[in-house]
Amino acid sequence: MESGRTAAEVAAHAFARADAASRERVLQSYNTRMKQDLGGYYTLGRHFATIIGNPEVMRLATKYGLPRTTLMKFLLKIMANLAEPGGKGASDRIINALSKIAPDA
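Computed from a prediction, not measured in an experiment: that's the story for all the values here. (Residues numbered from 1 in each chain as written. Predicted model: local features only at pLDDT ≥ 70, side-chain atom pairs only at ≥ 80, totals over all residues. Heavy atoms only, no water.)

*Asks:* Would you mind showing me how to read the packing of helix H2 (residues 20-52) against helix H5 (residues 90-101) here?
*Replies:* Geometry of a packed helix pair, given as the angle between the helix axes and the separation of the axes. The contact between H2 and H5 brings their axes to 7 Å, and the two run at 100 degrees. For the element pair H2 / H5, the angle class is roughly perpendicular. Taking contact as the criterion, the partners of Gly40, Tyr41 and Leu44 in H2 are, on H5, Ile95, Leu98 and Ser99. (Axes fitted to C-alpha atoms, helices over the stretch in contact; angles between N-to-C directions. Helix = DSSP H or I, 4+ residues; strand = E, 2+ residues; numbered from the N terminus. Parallel < 35°, antiparallel > 145°, perpendicular 65-115°, else oblique. Contact = heavy atoms within 4.5 Å.)

Encoded structure:
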């Protein structure tokens, strides 16, 4: 949904331009915007998906992680990009820090 929102914003800015060359330049900014807005988050997501794609890791995570509500809420925030950018909670701060240090997608 976030990529769709960004696409709509870029398209609206492009349509506001008077000539085709200007519109094209604005449309070309989409990839840059996505990397700036979500690049680190997507990198974290790719690594997380790789880790849980391992059947042994998933078996252990299901057995030991699932019963821990705090851990599951944290993982949901990671998977659904629900961390608040200026959030004061520990999970928000951890996820935002990891997203910032992770290389862009």
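Back to the write-up after that little detour.
*Asks:* Would you take a moment to explain H5 for this structure?
*Replies:* Residue pairs spaced three or four apart in an α-helix point in one direction, given the helix's 3.6 residues per turn. With 12 residues, H5 extends 17 Å from end C-alpha to end C-alpha; this agrees with the ideal 16 Å at 1.5 Å per step. In the core, the buried residues of H5 are packed alongside H2 and helix H4 (69-80). (Expected span 1.5 Å × (residues − 1).)

*Asks:* Just to check I follow, could you spell out the environment of Phe15 for this structure?
*Replies:* As for its position among the elements, Phe15 is in helix H1 (residues 2-15). When its relative accessible area of 71% is taken as the criterion, Phe15 is described as exposed. (Buried < 20%, exposed > 50% of the residue type's maximum accessible area, 1.4 Å probe, protein only.)

*Asks:* Can you walk me through a nonpolar patch on the surface in this structure?
*Replies:* Taken together, the side chains of Ile94, Leu98 and Ile101 make up a nonpolar region of the molecular surface, amounting to roughly 290 Å² of accessible area. Counting through the fold element by element, Ile94 comes out in helix H5. A relative accessible area of 43% places Ile94 in the partly exposed class. (Patch = residues over 30% accessible without salt bridge, like charges linked within 9 Å, V, L, I, M, F, W, Y side chains within 5 Å. Areas by Shrake-Rupley, 256 points an atom, 1.4 Å probe, with all protein chains shown as cover. Salt bridge = Lys/Arg side-chain N within 4 Å of Asp/Glu carboxyl O.)

*Asks:* Honestly, H1 in this entry has me stumped. Any pointers?
*Replies:* Between the first and last C-alpha of H1 there are 20 Å, a value that for 14 residues agrees with the 20 Å anticipated at 1.5 Å per step. Burial in H1 covers these residues: Thr6, Val10 and Ala14. Projected down its long axis, H1 shows its buried positions confined to an angular sector of 75 degrees, all on one face. (Arc of directions from axis to C-beta.)

*Asks:* Please clarify how the pattern of salt bridges should be interpreted in this entry.
*Replies:* Any two side chains of opposite charge can pair if their charged atoms end up close together. The final tally for this structure, using the stated rule, is 4 salt bridges. Residue Glu56 pairs with Arg59 through a salt bridge whose shortest N-O separation is 2.7 Å. Placement of both Glu56 and Arg59 in helix H3 (residues 55-65) is noted, with a separation of 3 residues, approximately one turn of the helix. Relative accessible area serves as the criterion here: at 41%, Glu56 is assigned to the partly exposed category. What makes Arg59 partly exposed here is its relative accessible area of 43%.

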